[in-house]
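Read off the chains here:
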Amino acid sequence: MSLIPDDVIEQVREAADIVGIIGEHVELKRTGSDFRAPCPFHGGTHRNFAVIPRKGMFYCFVCHAGGDIFTFFMKKLGMDYPTAVREVARRVGITIPERGPTGPDPREPLYSAVAAAADWFARQLLESPEAQVARDYLTTRHLDLETVQPLGLGYAPRGKAFLDAMKGLGVRDEVLLEAGLLAKREDGTLAPRFRGRLLFPIHDLRGRVVAFGGRILGEGEPKYLNSPDTPIFHKGKLLYNLHVAKHAMRKAERAILVEGYFDVLRPSLAGIEEVVAPLGTGLTPEQAQLVKRHAPLVILLYDSDEPGLRATFRAGDELLREGLRVSVATLPAGEDPDTLVQKKGAAGLEEILKDAVDVLERKIQILDRKGFFGTLPGRRRALDRLLPTIRAATDPITRELYISRAAEAAGVRKDVLEREAGMRDAGSGMRPGPTTHPASRISPPVLPASAEKALVLLMLEGEPWKSRVVEAVDPEELEFPPYRAVFESVADDAVLALDDTSARAYEQLKAEGLGRRDPNEMYELAVNWMEARRLERQLEQLDDQLPFESPERQVSLIAEKRRVFDELRKRYPRYKIAKRRRGAPGT
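Keep in mind that what you see is a predicted model, and the values were worked out from it rather than measured.

Asker: Could you give an account of the pairing of strand E3 (residues 49–52), naming the residues involved and the relevant values?
Answerer: In E3, alternate side chains face the same way, and those of Phe 49 and Val 51 on one face and Ala 50 and Ile 52 on the other are all buried. With 3 bridges joining them, strand E2 (residues 34–37) and E3 adopt antiparallel strand pairing. Residue Phe 35 lies in a different strand from E3, and its bridge partner there is Val 51. As defined by bridge partners, E3 adjoins strand E4 (residues 57–60) across 4 bridges and the pair is classed as antiparallel. Across the sheet, the residue bridging to Ile 52 is Met 57, located in E4.

This is the structure:
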């Protein structure tokens, strides 16, 4: 039997009146925004069976049967998936074009294995004594079981219970391994990949569970663990909750992009359903293209701390490359979408979203708050941070507006900034266009020895150096753009998002490695150098500020300048000597 194109399946699903069709088989009665009936699958008499039209799904709170309109036909009438799609298409008047290849989908055993696992994990969350830790955790997040049941959340117990259950269902180990549900140890034995974790099912655009994200409960690392890439799951090509959110995104003409699973669930449960999240990585071009198919505007709702801002602007640039409009909503300090909605409800979140500003304007606000526009060197560094976003804007009107705004903020002529943006395009590794050159012609970047290079080399060694460097140094302090780009990408596990120039720098640094250098000595010298540079920047800011202050205030600033200078000379007596050599110790 030939395969049905994915876009046609989506068209059929969206055209189907799930309430009307399921209502032909059970007597539905409206309950709020949903419809209830006795379950047609387990033969109950109470109205535990819900049809939720805004999500295009059904769910039974007793036997836990659930799915979309196609799943209903498969469960109720014993159809296979293609037959169910054709039956619904016939009812809504859509003709299905056929395309090869013919024969059954070779990935079907993987889909079946993941579906069986999802059902088993969900039952563990409801029934297993060991899952009490997960139920208690959900209580601390102000979520009850009845709320999360339709969402398919589950619990993966420790031990071999999962292996035994899948064996009892006849699912072979090699299938579970290929589906990412088992992991092979060094000694060759197999173990469940998820153990002691609260599980979030990850769906493809058809609504099929294809993977899981698991949060550890208790001791253990990492805090969140996703399924690996498999023949049915590629984490860079899906977004969490998109199978549900896409309908709301089209209706609202916007998408809200957040960071975590709970940041998706809480607004969705409160009625703001156009919310999606990447799957543990920086936003990829494929994910940006998925968003573009369903909404023209994206509001980024990430944490307001430094890592959150880095992720915000990296995602913003990726979305701008797809021609989307991008705004940034700013959360109060210490809040995330989950906690904000808990405290202030959907109305409180809508207030935040209403005040969202364009992504370039948000960058300018942050740079201005940090004092970048107060000095000439600061303006140059500010433009270095604004230019990637300007270049990312493929929409010509947006780019023109960005150039005008950046020129105004930095106090430079617009035509100068236009030339700067155009000149850099030719060497930025952007997609080739009328005024750009193919990325393959870019020569490898020259990577000068410096404290910045030493810190990036240490990060590339992995843990614990990565965490130590990220904790000690802010990426904004790195002045050499390739080092700063590599630093941020490694810190965020988003190396694949590097542009071509920075990617070449990354490859060169990886190839160089530490050699025989002592990492402890490198770290100490490089961090000391960065701290000395911070003190020198303080002196520069005080020098810039002095001429514009009153005599009384100048006396205070001169005293502060003397204190900073004495600290710099006392703590780092070799700083000026090394700086004149334009290199840093440790490299």
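Asker: Explain empty space enclosed by the protein residue by residue, including any values.
Answerer: For the coordinates displayed, the defined rule picks out 1 cavity of 30 Å³ or more. Here the largest cavity defines a volume of roughly 60 Å³. Every residue along the wall of the largest cavity is listed here: Leu 300, Leu 301, Tyr 302, Asp 303, Ser 304, Leu 309, Thr 312, Val 328, Ala 329, Thr 330 and Arg 362. Residue composition of the lining of the largest cavity, grouped by class: 6 nonpolar, 3 polar and 2 charged.

Asker: Could you give an account of unusual backbone geometry, naming the residues involved and the relevant values?
Answerer: The omega torsion across Glu 221 and Pro 222 is -5 degrees, close enough to zero to call that bond cis. Along the chain, Pro 222 falls in the loop between strand E10 (209–216) and strand E11 (224–226). Residue Pro 464 is bonded to the preceding Glu 463 through a cis peptide linkage, with omega at 5 degrees. In the Ramachandran plot, His 64 falls in the positive-phi region, its phi being about 70 degrees despite a non-glycine side chain. Relative to the helices and strands, His 64 is located in the loop between E4 and strand E5 (66–67).

Asker: I'd like a description of the pairing of strand E15 (residues 325–328), backed by residues and values.
Answerer: Of the pairings in the sheet, the one linking strand E14 (residues 297–300) to E15 comprises 4 bridges and is parallel in character. Paired with Ile 299 across the two strands is Ser 327, which belongs to E15. Remark: the E14/helix H13 (residues 306–321)/E15 crossover connection has right-handed handedness. Here E15 runs beside strand E16 (residues 357–358); their pairing, made up of 2 bridges, is antiparallel. Residue pairing across strands places Ser 327 opposite Asp 358, the latter belonging to E16.

Asker: Let's hear about the nonpolar core: which residues, and what values?
Answerer: With 64 residues, the main nonpolar core has Phe 162, Leu 198, Phe 212, Tyr 240 and Leu 301 as its most contacted residues. The element contributing the most residues to this core is helix H5 (residues 108–127), with 10 residues. Not counting residues within four places of it along the chain, the set of residues in contact with Phe 162 comprises Ala 117, Trp 120, Phe 121, Leu 176, Leu 181, Leu 182 and Pro 192. Membership of the second largest hydrophobic core comes to 46 residues, among which are Leu 205, Leu 290, Leu 360 and Ile 403.

Asker: Which residues make up the environment of Ile 9, and what values go with them?
Answerer: Tracing the backbone shows Ile 9 in helix H1 (residues 6–15). On the basis of relative accessibility, which here comes to 1%, the residue Ile 9 falls in the buried class. Those residues in contact with Ile 9 that lie beyond four places of it in its chain are Ile 4, Phe 70, Tyr 81, Val 85 and Arg 206.

Asker: Give me the packing of H5 against helix H6 (residues 132–140): which residues, what numbers.
Answerer: Closest axis-to-axis distance for the H5/H6 pair is 7 Å, and the angle between their directions is 80 degrees. It follows that H5 is roughly perpendicular to H6 by the angle criterion. Taking contact as the criterion, the partners of Gln 124, Leu 125, Leu 126 and Glu 127 in H5 are, on H6, Ala 134, Arg 135 and Leu 138.

Asker: Can you explain the packing of aromatic side chains? Please cite residues and give values.
Answerer: For any pair of aromatic rings, geometry is given as the distance between the ring centres together with the angle between the planes. Under the defined criterion, the tally for this structure stands at 20 aromatic pairs. When the centroid spacing of 5.7 Å and the interplanar angle of 65 degrees are considered together, the rings of Trp 120 and Phe 121 count as edge-to-face. As far as the burial class goes, Trp 120 and Phe 121 line up, both buried. Relative to Tyr 523, the ring of Trp 465 has its centre 5.7 Å away and its plane inclined at 50 degrees; by these criteria the two rings are tilted. Here Trp 465, found in helix H20 (residues 465–472), pairs with Tyr 523, found in helix H23 (residues 519–545); they are 58 residues apart in sequence, far enough to count as distant. No difference in accessibility class separates Trp 465 from Tyr 523, as the two residues are buried. It is Arg 141 that lies over the ring of Phe 262; its NZ or CZ is 3.9 Å from the centre. The ring of Tyr 111 carries the charged tip of Arg 208 above its face, separated from the ring centre by 4.0 Å.

The rules behind the values
Residues numbered from 1 in each chain as written. Predicted model: local features only at pLDDT ≥ 70, side-chain atom pairs only at ≥ 80, totals over all residues. Heavy atoms only, no water. Buried < 20%, exposed > 50% of the residue type's maximum accessible area, 1.4 Å probe, protein only. Helix = DSSP H or I, 4+ residues; strand = E, 2+ residues; numbered from the N terminus. Pairing = 2+ DSSP bridges. 1 Å grid on protein atoms, 1.4 Å probe; cavity = no way out; pocket = protein on both sides within 12 Å on 5 of 7 lines; lining within 4 Å. Points joined across faces, edges and corners; volume = space filled by probe spheres on them. Nonpolar A, V, L, I, M, F, W, Y, C, P; charged D, E, K, R; others polar. Right-handed = clockwise from strand over helix to strand, strands pointing away. Core = buried A, V, L, I, M, F, W, Y, C linked by side-chain atoms within 4.5 Å. Contact = heavy atoms within 4.5 Å. Axes fitted to C-alpha atoms, helices over the stretch in contact; angles between N-to-C directions. Parallel < 35°, antiparallel > 145°, perpendicular 65-115°, else oblique. Phe/Tyr/Trp six-rings, centres within 6.5 Å; stacked < 30°, edge-to-face > 60°. Lys NZ or Arg CZ within 6 Å of the ring centre and 35° of its normal.

Shape descriptors only; they carry no functional weight alone.
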